[in-house]
Amino acid sequence: MLKTISISLWKLKNNHCILNLRLSTRRRLLSTATIDSNSNNDLFNDFANIPVERIRNFSIIAHVDHGKSTLADRLLELTGAIKANSGSQVLDSLQVERERGITVKAQTVSIFHRYKNETFLLNLIDTPGHVDFSNEVSRSLAACDGVILLVDACHGVQAQTVANYQLARTRNLAVVPVLNKIDIKHAAPEKVIKDLKNLFSIDPEAVLKISAKLGTGVPQVLDRVIEVIPPPKVDRNSPFRALLFDSWFDRYRGALNLIYLLNGKLEVGQDVQLLSTKKVYPVKSISILRPAETDVKCISAGQVGLIAVNMRNSKESVIGDTFHLKNEPCDAVGSFKPQQPMVYAGVFPSDQSKHVALRSAIDKLILNDSAVTMKVDSSPALGQGWRLGFLGLLHMEVFCQRLEQEFGAEPIITAPSVTYRIVLKNPKMIKQMGTDTMEISNAALFPEPINIKEYYEPLVKGTIITPTEYVGQIISLCVERRGVQESSINIDNDRILMNYVLPLSEIILDFNDRLKSISSGYASFNYEDYGYHLTNLVRLDIHLNGRPVDELCRIVHVSKAKDIGRDMAVKLKETIPKQMVQIAIQACVGSKVLARETIKAYRKDVTAKLYGGDVTRRMKLLRQQAEGKKKMRQIANINVPHETFINVLKR
């Protein structure tokens, strides 16, 4: 026992020493912070006059959990923007980000760094890593001249790493490759550097090796950013013009707009105009994010600033729009376009009395998340609501969680679906609609098959990176989801990169979960839009005692109709309560029944009061009960509770 206690004390002492070593390492690195508070005040007073040659705008891009936010923390601490030990993931300020441990919203911060006896302004954007928030990455890169490509030294290059690198290269941005987590026992930096060379032709000598957690090598990252990333290509002598690339709603100041200046300068008190709406606004305040707001009097081209202009209607702020001075017309910036939604879901208030409050909450949140689209929708079962478009399932979950946490809303979310495209052949319908092609995501509006010429469904091009021992199981999963393999590339002896074309409807629900399960978490998946392709769709109807229930119908591929119909019938049997009559649940395509379940009726024991006697009396009572049941079945309406529709329709 004494031996056990001594070993435990030794471990505690050893861990304490390691912790002190890590803290001392970080303190030593932070002691080299290049900008003190006195020089900060001078910089803010003369902020607009910082030369363009000493400005760098860059983003940190990486796969999920490769250490973007941790690196951002070290950069902020190193440059004196925040105090040491201010907390982990300072830029992940949303409650949903801290609960899930992921970044869902790109955050901007301006920092100062001294390099070769000159002070540089660095505008840093920490971006999300999940594919569902790729719109945040694309929006951030529109205001950048370069990126830090962060790669985990343990897991190496993964699917979103490839996608983000290609996105940066298409914009001709400078890339600073950085290898993180080199302090971890299982890190294999040389192997990952070799992968970077094979996949992206990155020079091994250009790759920086750091530990964002300990702060090792972080000062060299800032120096490399200044050396590799060029200053912004802007013109300060022409009239003011700026790109609106982010916005959010403040309870007291209205819509706040984050802008990147391409031309001229902007001062408090000037009147600015939006190019799309032509509305004029007075500039009430200008600030920079450090990461808290710091007021400045003026900002110039090449800089990023937050402006408050008394914009009370959140719909007026359109991401990608152009600000310019009043009576000074200009051309649109045109460097950013929001991505098209891929997954659609109905959002309804739990009580129709909360309709207005939910509408206000959705409008304010969409201002902060420009990738979400909204249009009015209604359901006989759930009432008035909206149909929202998202980039993916996680995007939908985070949006709804933010509705609950930030606005106290209680929305009902229907099962996610995709938008299909159909070509009509009925001349009357074509004349009525003005086109022979219609897009549809609500199965209740699906035309009769006799009026349809062709069906099209959205496909995606997926990239899967996995260890070779899981290839067989992953191929089986992709074949099960109607995937077609396009290519397969060996990254090294242990990992392989596969490209698959998959129907979007097959991957939005549980594809990524299944992939992680069969690969023990080692495989990664990323996808991009691949357009619409010819397919064969049917409308799956649910009948209760022969009567169709429009709220429960679905659009499915013909090969999946039977399985989905069986699952829905079983789920309805479990959720619909017993009633006085027997209920037949049928899943049908046209007149063909694909699956059936039966809910037995309540049965009253009419012979309970009999004590002996002639058996004909017992038979008479049972016969009368059977006739009554038959008559009731002919005139009875099945009562499906509101909660049943919610349980079946929602996720």
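Everything numeric in this text was worked out from a predicted model, so none of it was measured. (Residues numbered from 1 in each chain as written. Predicted model: local features only at pLDDT ≥ 70, side-chain atom pairs only at ≥ 80, totals over all residues. Heavy atoms only, no water.)

Observations concerning unusual backbone geometry
Here is step 1: Residues Arg290 and Pro291 are joined by a peptide bond in cis, for which omega reads -15°.
Here is step 2: Locating Pro291 in the fold gives a position in the loop between strand E12 (285-289) and strand E13 (293-296).
Here is step 3: The backbone of Asn117 shows a phi angle near 65°, a positive value even though the residue is not glycine.
Here is step 4: The residue Asn117 is located in the loop between strand E2 (107-115) and strand E3 (118-126) in this model.
Here is step 5: The exposed category is assigned to Asn117, whose relative accessible area is 68%.
Here is step 6: A positive phi is found at Asn310, a non-glycine position, where the angle reads about 60°.
Here is step 7: Tracing the backbone through its elements, the reader meets Asn310 in strand E15 (residues 304-311). (Helix = DSSP H or I, 4+ residues; strand = E, 2+ residues; numbered from the N terminus. Buried < 20%, exposed > 50% of the residue type's maximum accessible area, 1.4 Å probe, protein only.)

Re the pattern of salt bridges
Close approach of charged atoms allows side chains of opposite charge to pair.
Here is step 1: Inspection of the entire model under this criterion finds 24 salt bridges.
Here is step 2: Notably, a salt bridge pairs Asp377 with Arg387, separated by 3.8 Å at the nearest N-O pair. Of this pair, Asp377 sits in strand E18 (residues 373-379) while Arg387 sits in strand E19 (residues 383-390), placing them 10 residues apart in sequence. The exposure classification of Asp377 matches that of Arg387, with both residues buried.
Here is step 3: Put simply, Arg421 and Glu439 hold a salt bridge, and the shortest N to O gap is 2.7 Å. Of this pair, Arg421 sits in strand E21 (residues 420-424) while Glu439 sits in strand E22 (residues 437-440), and the two are 18 residues apart along the sequence.
Here is step 4: You can call Arg421 partly exposed: its relative accessible area is 27%.
Here is step 5: A single network of salt bridges, built from pairs that share partners, joins Glu480, Arg481, Asp510 and Arg514. (Salt bridge = Lys/Arg side-chain N within 4 Å of Asp/Glu carboxyl O.)

With respect to the nonpolar core
Here is step 1: Counting 35 residues, the largest nonpolar core has Ile464, Ile474, Leu502, Ile507, Phe511 and Phe525 as its most contacted members.
Here is step 2: Elements supplying a minimum of two residues to this core: E21, E22, strand E23 (452-467), helix H12 (471-480), strand E25 (495-503), helix H13 (511-518) and strand E26 (524-535).
Here is step 3: If we ignore the near neighbours within four places in the chain, the residues touching Ile474 are Ile464, Thr466, Met498, Leu515, Ile518 and Ala523.
Here is step 4: In terms of nonpolar packing, the next biggest core, distinct from the first, is built from 31 residues, Ala72, Leu76, Ala174 and Val178 among them. (Core = buried A, V, L, I, M, F, W, Y, C linked by side-chain atoms within 4.5 Å. Contact = heavy atoms within 4.5 Å.)

Remarks on the packing of helix H3 (residues 68-78) against helix H8 (residues 218-228)
The packing of two helices is summarised by the inter-axis angle and the distance between the axes.
Here is step 1: Viewed as axis vectors pointing N to C, H3 and H8 meet at an angle of 85°, and their least axial separation amounts to 10 Å. Comparing their axes, H8 and H3 come out roughly perpendicular. When H3 is examined against H8, the residues Leu71, Arg74, Leu75 and Leu78 are found in contact with a partner set consisting of Val218, Pro219 and Leu222.
Here is step 2: In terms of residue class, the contact of H3 with H8 is built from six nonpolar, no polar and one charged. (Axes fitted to C-alpha atoms, helices over the stretch in contact; angles between N-to-C directions. Parallel < 35°, antiparallel > 145°, perpendicular 65-115°, else oblique. Nonpolar A, V, L, I, M, F, W, Y, C, P; charged D, E, K, R; others polar.)

Here's the deal with the packing of aromatic side chains
Here is step 1: For the structure shown, the criterion picks out six aromatic pairs.
Here is step 2: Geometrically, the ring pair formed by Phe525 and Tyr527 is tilted, given 5.8 Å between the ring centres and 35° between the ring planes. Tyr527 carries the same exposure label as Phe525, and that label is buried.
Here is step 3: Counting every residue linked through ring pairs, the aromatic cluster contains Phe511, Phe525 and Tyr527.
Here is step 4: Above the ring of Tyr532, the side-chain terminus of Arg421 is found at 3.9 Å from the ring centroid. (Phe/Tyr/Trp six-rings, centres within 6.5 Å; stacked < 30°, edge-to-face > 60°. Lys NZ or Arg CZ within 6 Å of the ring centre and 35° of its normal.)

Side note on the sheet that holds strand E17 (residues 343-349)
The strands making up a sheet are joined through hydrogen bonds of the backbone, oriented either antiparallel or parallel.
Here is step 1: In space, the four strands of this open sheet follow the order E18-E19-E17-E20, with antiparallel pairing throughout. At either end of the open sheet lies a strand with only one pairing partner, and these are E18 and strand E20 (411-413). Strand after strand, the sheet turns through a mean of 35° between neighbouring axes, direction not considered.
Here is step 2: Here five bridges tie E17 to E19, and the two strands are oriented antiparallel to one another. Along E19, the bridge assignment pairs Val347 with Trp386.
Here is step 3: Against the sheet, helix H9 (residues 355-368) contacts E17, E18, E19 and E20, and its axis sits at roughly 15° relative to E19. (Pairing = 2+ DSSP bridges.)

Looking at the side chain of Thr119
Here is step 1: Assignment of secondary structure puts Thr119 in strand E3.
Here is step 2: A polar side-chain atom of Thr119 sits 2.7 Å from a polar atom in the side chain of Arg114. (Polar contact = N/O pair within 3.5 Å; in protein donor to acceptor, adjacent residues only side chain to side chain.)

Quick notes on empty space enclosed by the protein
Rolling a probe over the atoms, with the probe sized like a water molecule, indicates the empty space that remains.
Here is step 1: Applying the stated criterion across every chain yields a total of three cavities of 30 Å³ or more.
Here is step 2: As for the second largest cavity, its lining consists of Val104, Lys105, Phe133, Glu136, Asn368, Asp369, His395, Val398, Phe399 and Arg402.
Here is step 3: Considering each element in turn, the lining of the second largest cavity owes the most residues, four residues, to helix H10 (residues 393-407).
Here is step 4: Grouping the constituent residues of the lining of the second largest cavity by class yields four nonpolar, two polar and four charged. (1 Å grid on protein atoms, 1.4 Å probe; cavity = no way out; pocket = protein on both sides within 12 Å on 5 of 7 lines; lining within 4 Å. Points joined across faces, edges and corners; volume = space filled by probe spheres on them.)

A few points about the side chain of Arg481
Here is step 1: Positionally, Arg481 belongs in the loop between H12 and strand E24 (484-490).
Here is step 2: The exposure class of Arg481 is buried, given its relative accessible area of 7%.
Here is step 3: Within polar-contact distance, the side chain of Arg481 engages the backbone oxygen of Glu506 at 2.6 Å.
Here is step 4: Side chain to side chain, Arg481 and Asp510 meet in a polar contact 3.1 Å long.
Here is step 5: Setting aside residues no more than four positions away along its own chain, Arg481 makes contact with Leu502, Pro503, Glu506, Asp510, Phe511 and Arg514.

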